[in-house]
Amino acid sequence: TKYKEGMKKTRNSFSGKINDLIARYRKVDEDFFEELEEVLISADVGVMTVMDLIDELKMEVKRRNIKDTKEVKDVISEKLVEIYYGDDNEQIEALNLQENQLSVILVVGVNGVGKTTSIGKLAQQLKQDGKRVVLAAGDTFRAGAIEQLEIWGERAGVDVVKQGAGSDPAAVIFDGIKAAKSREADVLICDTAGRLQNKVNLMNELSKVKRVIEREVPGAPHEVLLVLDATTGQNALSQAKTFSEATDVSGIVLTKLDGTAKGGIVLAIRNELNIPVKFAGLGEQITDLQPFDAHAFVYGLFA
Ligand code: GDP
């Protein structure tokens, strides 16, 4: 499957290291846990998350009286899944879309993370599901962003609402909402500029855009998706922190999982920020955006 193929780098690196560790240690002891800690941190699981995990593992190993490192492997995957889901039921977190009413999805993230590409992929998939989709080119700041969104719109066969470069993003989104309503669209996906250099500007811009959406469509935005690049590791985590301070992020699109051996960042994001990863980007093709399935993800690490 796409998942298995896309996660190849992380899997090869992660399961290789774990298997090596198990072969070398055989017996579960303090040194084994210490090295395991290093392996997990090197996969970008995140120091805080790794600490939690190691504590849990030690307790579980003691409780079950496990002596052999081979048996620890299963416990690791169980605990990783537990860490991801917390108290939630084990299920894929779907997009919050409205029935018979316009749903508005606001997409945020810094330049280069794959925001435009992800919007294009999502638009195409929603269209294939029979939804009428409109895109609003709210990234009026980055050179070429509007044109790029138009290309994706054409590819997906959905309308793109735009103004000129440098225009007010909130005005573009306002036009987008008007167009979506008059075309009786099901979903409006709003692109935004991702200027992190200036946090105050970012916050002001996002809150202005959000105010327009809230005013024009009661109950909206139904999703605020933050796009993060998995290959940037701990940087992705700090971007997530900054954006969630600037606005209420409802879900994450984690791109380029196919390009990293450090897919463990997924677990850090969930554990430290408690924001669900809703989609995984596993390649550059339009079909390479997949609903994130933590169970498949964790067990894929060891396959
Ligand atoms: P934006 O600046 O955030 O809008 O980023 P773009 O959408 O232009 O994407 C930047 C680059 O990342 C492009 O070359 C995309 O093809 C690539 N990209 C986006 N998502 C993925 C992914 O999931 N996997 C891979 N390998 N490349 C991706």
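Residues numbered from 1 in each chain as written. Predicted model: local features only at pLDDT ≥ 70, side-chain atom pairs only at ≥ 80, totals over all residues. Heavy atoms only, no water.

### Comments concerning the overall build of the chain
Okay, so step 1: Along its length, the chain carries twelve helices and eight strands.
Okay, so step 2: A compact globule built from 303 residues would reach a C-alpha radius of gyration of about 19 Å, and the chain, at 21 Å, matches this within 12%.
Okay, so step 3: Taken over the C-alpha atoms alone, the chain extends approximately 65 × 40 × 30 Å along its principal axes.
Okay, so step 4: Scored against the burial criterion, the 303 residues of the chain give a buried share of 53%.
Okay, so step 5: Relative to all contacts within the chain whose residues are 6 or more apart in sequence, the contacts with residues 24 or more apart total 76%.
Okay, so step 6: With the model as given, the accessible surface of the chain reaches about 13700 Å², and the carbon-plus-sulfur share is 46%.
Okay, so step 7: Side chains of the chain give 39 positive and 47 negative charges; the mean places of these two sets differ by 3 Å. (Helix = DSSP H or I, 4+ residues; strand = E, 2+ residues; numbered from the N terminus. Rg over C-alpha atoms; globule rule 2.2 N^0.38 Å. Buried < 20%, exposed > 50% of the residue type's maximum accessible area, 1.4 Å probe, protein only. Contact = heavy atoms within 4.5 Å. Areas by Shrake-Rupley, 256 points an atom, 1.4 Å probe, with all protein chains shown as cover. Lys, Arg positive; Asp, Glu negative; His and termini not counted. Charge placed at Lys NZ, Arg CZ, Asp CG, Glu CD.)

### Looking at the packing of aromatic side chains
Okay, so step 1: All chains considered together, the criterion is met by three aromatic pairs.
Okay, so step 2: Aromatic ring contacts, followed pair by pair, group Y25, F32 and F33 into a single cluster.
Okay, so step 3: Across the ring face of W152, the terminal group of R155 is positioned such that the distance to the ring centre comes to 4.3 Å. (Phe/Tyr/Trp six-rings, centres within 6.5 Å; stacked < 30°, edge-to-face > 60°. Lys NZ or Arg CZ within 6 Å of the ring centre and 35° of its normal.)

### A word on the site of the ligand
Okay, so step 1: Taken together, 18 residues lie near the ligand, and G112, K115, T116, T117 and E284 sit nearest.
Okay, so step 2: Take Q148: an N or O atom from its side chain is 2.8 Å from an oxygen atom of the ligand.
Okay, so step 3: Expressed as a share of its isolated accessible area of 580 Å², the protein-covered part of the ligand is 80%.
Okay, so step 4: A per-element tally of the shell around the ligand places helix α6 (residues 115-128) first, with four residues.
Okay, so step 5: For the shell around the ligand, the class distribution of residues is three nonpolar, nine polar and six charged. (Near = heavy atom within 4 Å. Polar contact = N/O pair within 3.5 Å; in protein donor to acceptor, adjacent residues only side chain to side chain. Nonpolar A, V, L, I, M, F, W, Y, C, P; charged D, E, K, R; others polar.)

### Examining the side chain of K79
Okay, so step 1: Along the chain, K79 falls in helix α5 (residues 69-85).
Okay, so step 2: There is a polar contact of 3.5 Å between the side chain of K79 and the side chain of E56.
Okay, so step 3: Discounting chain neighbours no more than four positions away, the residues touching K79 are L53, E56, L57 and E60.

### Observations regarding helix α12 (residues 294-302)
Along an α-helix, residues three or four apart share an orientation, since each turn contains 3.6 residues.
Okay, so step 1: Regarding α12, the residues found buried are A294, F297, V298, G300, L301 and F302.
Okay, so step 2: Where α12 is buried, its residues touch α1 (2-6), α2 (8-25), α5 and α11 (265-273).
Okay, so step 3: N-capping of α12 is provided by D293, with a side-chain oxygen placed 3.1 Å from the backbone N of H295.

### Let's talk about the pattern of salt bridges
Okay, so step 1: Taken as a whole and assessed by the stated rule, the structure comprises 20 salt bridges.
Okay, so step 2: Its salt-bridge partner being R64, residue E78 comes within 2.7 Å of it at the nearest N-O pair. Taken together, the positions of E78 in helix α5 and R64 in the loop between α4 (47-63) and α5 put the pair 14 residues apart, joining distant regions of the chain.
Okay, so step 3: A residue is classified by how much of its surface remains accessible, and E78, at 30% relative accessible area, is partly exposed.
Okay, so step 4: R64 sits in the partly exposed class, given a relative accessible area of 37%. (Salt bridge = Lys/Arg side-chain N within 4 Å of Asp/Glu carboxyl O.)

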